[in-house]
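Each chain, letter by letter, is given below.
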Amino acid sequence: MLSFLWALIIGGIIGWIAGMIVGRDIPGGVIGNIIAGFVGAWLGTLILGDWGPVVADFAIIPAIIGAVVLVFVLSLIMKGMRKAD
């Protein structure tokens, strides 16, 4: 149970860092940060591999890079959806 909570915290921090780097808000607040952190970690590990420091089973550098890509793409999609309305 503690490892799951630790993973949620680290996922949220990764998502928050990605939002700060991109300079855009992640839709969904804290839950959005956690989801962006988890999906970004998966995406970054898929593309870049499993290297760098590992915290709570997250390879931090690929996770942050993947989350930055995810947040950037999501912000473009959200911006396009707002213009379509």
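What counts, and at which threshold
Residues numbered from 1 in each chain as written. Predicted model: local features only at pLDDT ≥ 70, side-chain atom pairs only at ≥ 80, totals over all residues. Heavy atoms only, no water. Helix = DSSP H or I, 4+ residues; strand = E, 2+ residues; numbered from the N terminus. Buried < 20%, exposed > 50% of the residue type's maximum accessible area, 1.4 Å probe, protein only. Contact = heavy atoms within 4.5 Å. Areas by Shrake-Rupley, 256 points an atom, 1.4 Å probe, with all protein chains shown as cover. Lys, Arg positive; Asp, Glu negative; His and termini not counted. Charge placed at Lys NZ, Arg CZ, Asp CG, Glu CD. Core = buried A, V, L, I, M, F, W, Y, C linked by side-chain atoms within 4.5 Å. UniProt positions renumbered as here; feature names shortened; annotations may be inferred.

Trainee: Explain the overall build of the chain here, please?
Mentor: Of regular secondary structure, the chain possesses three helices and two strands. Seen in sequence order, the chain has helices and strands lined up from the N terminus as α-α-β-β-α. Overall, the C-alpha framework of the chain stretches about 40 × 25 × 20 Å when taken along its three principal axes. A total of 85 residues make up the chain; the buried ones form 34% of that total. Considering only contacts within the chain whose residues lie at least 6 apart along the sequence, 54% involve residues at least 24 apart. Here the chain displays about 5,400 Å² of accessible surface, and carbon together with sulfur accounts for 75% of that area. Of note, the chain has its 4 positive side-chain charges centred 18 Å away from the centre of its 4 negative side-chain charges.

Trainee: Mind showing me how you'd approach the environment of Val71 here?
Mentor: Positionally, Val71 belongs in helix H3 (residues 60-84). Residue Val71 is classed as buried on the basis of its relative accessible area of 4%. A sequence separation of 32 residues divides Val71 from Val39, and the C-alpha atoms of the two residues are 10 Å apart. Apart from residues no more than four positions distant in its own chain, Val71 is found in contact with Ala18, Gly19, Val22, Arg24, Ile26 and Ala36.

Trainee: Help me out: how do you make sense of the nonpolar core in this one?
Mentor: The nonpolar side chains of soluble globular proteins are, as a tendency, buried together. In terms of nonpolar packing, the biggest core is built from 15 residues, with Ile10, Ile14, Ala36, Phe58, Ile60 and Val71 touching the most fellow members. Looking at this core, the elements that each hand over two or more residues are helix H1 (2-22), helix H2 (29-48) and H3. The dominant element in this core, judged by the number of residues it contributes, is H3, at six residues. Excluding its chain neighbours within four sequence positions, the residues that come into contact with Ile60 are Ile10, Ile14, Pro53 and Val55.

Trainee: Which parts of the structure should I look at to understand the environment of Ile61?
Mentor: Structurally, Ile61 is set in helix H3. Taking the C-alpha atoms as reference points, Ile61 and Trp42, separated by 19 residues in sequence, lie 12 Å from one another. Apart from the residues lying within four places of it in its own chain, the contact partners of Ile61 are Trp51 and Pro53.

Trainee: Honestly, the UniProt feature "transmembrane region" (unreviewed entry) in the chain in this entry has me stumped. Any pointers?
Mentor: As annotated in UniProt, the feature "transmembrane region" (unreviewed entry) corresponds to residues 6-23, 30-48 and 54-77 in the numbering used here. In this annotation, residues 30-48 is assigned 100% helix and 0% strand; the end-to-end C-alpha distance for the span is 26 Å. As a span, residues 54-77 carries 75% helix and 17% strand, and end to end its C-alpha atoms are 31 Å apart.

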